[in-house]
Structures are given as structure tokens and as C-alpha cells.
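Architecture and fold: a report
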Amino acid sequence: MLIIESFTVPYMNRLVILAPNWLGDAVMALPAIADVRRAAPVASITVAARASIAPLFAMAPDVDETLTLGDDETETLAAGRFDTALLLPNSTRAAIVARRAGIAERWGYRTGWRGSLLTRAIPAPRGGHQIEYYQHLVRALGFPSGPTEPRVRVSREAQEAGLNLLMEAGWNGRQPLVALAPGAAYGGAKRWPPEYFAELADGLAADGVQCVMVGTAADAGTASELSKFVAREPKRLALLDLVGRTDLPTLAGVFGNCRALVTNDSGAMHLAAAVGISVTAMFGPTNERSTSPHIADLGSAAPASPQTTILTHAVWCRPCMLRECPLDHRCMRGIEVATVLEAARSSL
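The sections below set out a description of the structure shown in this document. Quick caveat: nothing in here was measured; it's all calculated off a predicted structure.

**A look at the overall build of the chain**
Looking only at helices and strands, one finds 14 helices and 14 strands in the chain. Rg of the C-alpha trace for the chain: 21 Å, near the compact-globule value of 20 Å for 348 residues, within the 12% margin. For the chain, the spread of C-alpha atoms along the principal axes amounts to about 65 × 45 × 40 Å. Put simply, 66% of the contacts in the chain that link residues at least 6 apart link residues at least 24 apart. Accessible surface computed for the chain: about 15,600 Å², of which carbon and sulfur atoms make up 50%. If the 32 positive side-chain charges of the chain are averaged to one point and the 33 negative ones to another, these points end up 4 Å apart.

So, in C-alpha cells, the structure goes:
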């Protein structure tokens, strides 16, 4: 055992970390992974993740290798001959898969019925931010906590791919660029109204700021609705549309060419923060105290200090955590365009 800052760091040679299943959660797990790397610099660290999430960890400076999990996840893990598994998902399934893969040490939170499947089972804390939730786990295992800001490394190839895509979409490379993420995977209740985003884009266009919509293919309907509102009157600058056209590295490259992002509570929000650009985020049914973004500190590499602005509208029913609003969606509709526009301007 190696003692560091009064922590007993457990020995491991080949560690596999089973990643969370959602992009936002995966980004918020990065500080905990960095804690492990810092305390165990010579260990091999592999992250196993779903295909939609795995490319994120190829951008994480503290990860040596990434495994993409499919239907044969047990076989994939077994082939890696790992001696230790750190389970970030709380599911019993994750523990069963790690055990069936023959991984001797299996660490994670004691949740549900999986305690007996783990060799080190940590009681889960209540409340707090999701970043601290993951860091609490690794700290309890013996890895001291470090910075809470997730950070990804955007390669030159990804930066250029993002730039090329933006130029193909119509950006001239001169106007300040702000990304808009009007979608949200969790459900419609998390989405600021598309007509509000359209008004915001018009307000930024009046300042000479170009806006570009980003999101997955699942956000195409929301983006199309937003575009219809934009098309009702001439705009000073066209609204660019990259929805469904980026993988994770290219999306990070797009963000690397942007000054800021305006977004709902979404995975894109956390990725942009990890890239190190300013983020303005509207929270309605979800709890900003649990999942607000932490902006990466890029030090002297950043041209200006990025900032996070969280906007909410106080109503009795939030945060309800519902996918769809059964009432009038006042938690999101009550966040005025003028308020978001002022926040976006200040982030520039």
C-alpha cells in the first residue's frame, strides 16, 4: 500500500471503470477519474462505455484506453484481463457483468441488491452535486479528491473538423459564434420553448453574433420547430444548423470555435463546460444544485475567463424531475428572453 495525504491508496494494476450511461453524467464523472489517475499514476486505466458515450473518454487526459460495450459486454470485459473494476453506474446489472467477466476486485456504491456482488461496497451519500457523488465514491476507496471541474482535451483534428463543418454550414469565420442547444434527452419539460430560442438568436444577431444549433439526431424536431420561428421574419445573420451532424469529438471541436453556449440542462451543456467555454443554462424541472456545469479551468491557454450562468424561474412545483409538464410549463416559460439575452451578452 502507498500512503498519500493520509489516504491508503489501494493497489491495482489494470483498472476498468464502467462509465455512466448519459453524456452529462459521464462528463461529471471525469473529476473522479482524474482523482484515481493522480493517486495511481502508473496503473493502467481503461473506461468501458456505451458506443454513444465512449468517444468522450478518448478526449479525457486521464484515461489510457476506451472500450466500447455492446451486447457482448461480459466477453469484452473478460478479454481485458482486468484485476479491478470501478462501477460508476448504480445498477445491479453492472455488478453482475463485472463478476461474470472474472474481475476479482469490484468496487462501487452499495445500492439496490448488489452489495454482495461487490468486494468493496461503499454506502451512497444523499444529496449534493453529481460531481461530488462520484468523487465521494473514489475518496471512500482511498483516492483523495482534487479539482471539481471536468476537463477534456480537444485534438487539432477535432478542432479542424468542427471548423470545417461550421464553414460548410455558412459561417464566415469572422463573426463571434454562439452555440444554441435547444434539445434535451430527458424530456420536453427540460426544454426552453423553441420560440424563445428564436427570439434569442435574433437578439444576438442584432449584435453581430452568429448562432449555430447543435444537438443529436433526436433533437431534429425541436431544431426544425425553432427554425420555423426564425424563418417568420428576416434575420440579420442566418441561424446555422448542425443538429444531428456531429459526433462527440466534432461537437467538442465546434464548441472550441464558439465563444459560448446557451442551453437547456443537457449533455451538451456539460461537454461545453469541459471544453472551457462560457455556458448559460436554463433549468426548470431538474435541480441545478445537483447537475449544474463546472467550467474547466484552462489557465493561460484560455483567451478569457469563461463563466457559468444558471437561470431559473421560481415556482412552487420545481424541481419536479418530471419528463413532461402536466401543468403549464411555467418553470421554463417564466425564464424571459431578455434575461437570457443579457446573460449571453455578458458571457461574451
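There's plenty left to go through after this.
**Points about the pattern of salt bridges**
All chains considered together, the criterion is met by 11 salt bridges. Notably, a salt bridge pairs Asp35 with Arg38, separated by 2.4 Å at the nearest N-O pair. A residue pair is termed a helical-turn pair when its members lie 3 or 4 positions apart in one helix, as Asp35 and Arg38 do in helix α2 (residues 30-39) at 3 residues. Here Arg318 and Glu288 are joined by a salt bridge, their closest N and O atoms 2.7 Å apart. Here Arg318, found in the loop between β14 (308-311) and α13 (330-333), pairs with Glu288, found in helix α12 (residues 288-291); they are 30 residues apart in sequence, far enough to count as distant. The class for Arg318 is buried, based on a relative accessible area of 17%.

**Brief notes about helix α7 (residues 156-169)**
In this model α7 runs 20 Å from its N-terminal to its C-terminal C-alpha over 14 residues, within 8% of the 20 Å that 1.5 Å per residue would give. Along α7, the positions that sit buried rather than exposed are Ala158, Gly162, Leu165 and Leu166. Summarising the axial view, the buried residues of α7 lie within an arc of 100 degrees, below the 170-degree limit, and thus occupy one face. Seen from the buried face of α7, the exposed residues on the opposite side, beyond 90 degrees, are Arg156, Glu157 and Glu168. Where α7 is buried, its residues meet β9 (177-181), β10 (210-213), β11 (240-241) and α10 (248-256). Gly170 sits one or two positions beyond α7 and adopts a positive phi of about 125 degrees.

**Considering the environment of Asn164**
Structurally, Asn164 can be placed in helix α7. Distance from Asn164 to Pro182, taken between C-alpha atoms, is 22 Å for residues 18 residues apart in sequence.

**Comments concerning the sheet that holds strand β12 (residues 260-264)**
The strand order across the open sheet built from 6 strands is β11-β10-β9-β12-β13-β14, with neighbouring strands paired in parallel fashion. If you trace the sheet from one side to the other, it starts and ends with β11 and β14, each paired once. As paired elements, β9 and β10 share 4 bridges and run parallel to each other. Across the sheet, Val178 pairs through a bridge with Cys211, a residue of β10. Its contacts with the sheet place helix α8 (residues 194-206) against β9, β10, β12 and β13 (278-282), and it is angled at close to 180 degrees to β9. Contacts between helix α11 (residues 267-275) and the sheet are confined to β9, β12 and β13, with β12 contributing the most and set at about 155 degrees to the helix.

**A short note on the nonpolar core**
With 66 residues, the main nonpolar core has Leu56, Phe57, Leu86, Phe255 and Leu271 as its most contacted residues. Per-element tally for this core: the top contributor is α11, with 7 residues. Not counting residues up to four positions away in its chain, the partners in contact with Leu86 are Leu15, Val16, Ile17, Leu18, Val36, Trp107, Leu137, Val138 and Leu141. Core analysis: the second largest hydrophobic core is formed by 30 residues, Ala198, Val230, Ile335 and Val340 among them.

**Remarks on the layout of surface pockets**
Of the pockets and cavities examined, the largest pocket occupies roughly 1,000 Å³. In terms of lining, the largest pocket is formed by 39 residues, of which the most central are Trp22, Leu23, Gly24, Ala185 and Gly267. Elements with a minimum of two residues in the lining of the largest pocket: α1 (23-28), α10, α11 and α12. The element contributing the most residues to the lining of the largest pocket is α1, with 4 residues. Its residues placed into classes, the lining of the largest pocket shows 16 nonpolar, 15 polar and 8 charged.

**Some words on the sheet that holds strand β5 (residues 65-69)**
With respect to topology, 6 strands assemble into an open sheet ordered β5-β4-β3-β6-β7-β8, the strand pairing being parallel. Two strands close off the open sheet at either side, each with one partner strand: β5 and β8 (120-122). The sheet shows a mean angle of 20 degrees between the axes of neighbouring strands, taken without regard to direction. Sheet topology places strand β3 (residues 14-18) next to strand β6 (residues 84-87); 4 bridges connect them, and they run parallel.

**Description of the environment of Ser346**
Summarising the element assignment, Ser346 is placed in helix α14 (residues 337-347). With 116 residues separating them along the chain, Ser346 and Val230 place their C-alpha atoms 23 Å apart.

Thresholds, definitions, all that
- Residues numbered from 1 in each chain as written.
- Predicted model: local features only at pLDDT ≥ 70, side-chain atom pairs only at ≥ 80, totals over all residues.
- Heavy atoms only, no water.
- Helix = DSSP H or I, 4+ residues; strand = E, 2+ residues; numbered from the N terminus.
- Rg over C-alpha atoms; globule rule 2.2 N^0.38 Å.
- Contact = heavy atoms within 4.5 Å.
- Areas by Shrake-Rupley, 256 points an atom, 1.4 Å probe, with all protein chains shown as cover.
- Lys, Arg positive; Asp, Glu negative; His and termini not counted.
- Charge placed at Lys NZ, Arg CZ, Asp CG, Glu CD.
- Salt bridge = Lys/Arg side-chain N within 4 Å of Asp/Glu carboxyl O.
- Buried < 20%, exposed > 50% of the residue type's maximum accessible area, 1.4 Å probe, protein only.
- Expected span 1.5 Å × (residues − 1).
- Arc of directions from axis to C-beta.
- Pairing = 2+ DSSP bridges.
- Axes fitted to C-alpha atoms, helices over the stretch in contact; angles between N-to-C directions.
- Core = buried A, V, L, I, M, F, W, Y, C linked by side-chain atoms within 4.5 Å.
- 1 Å grid on protein atoms, 1.4 Å probe; cavity = no way out; pocket = protein on both sides within 12 Å on 5 of 7 lines; lining within 4 Å.
- Points joined across faces, edges and corners; volume = space filled by probe spheres on them.
- Nonpolar A, V, L, I, M, F, W, Y, C, P; charged D, E, K, R; others polar.

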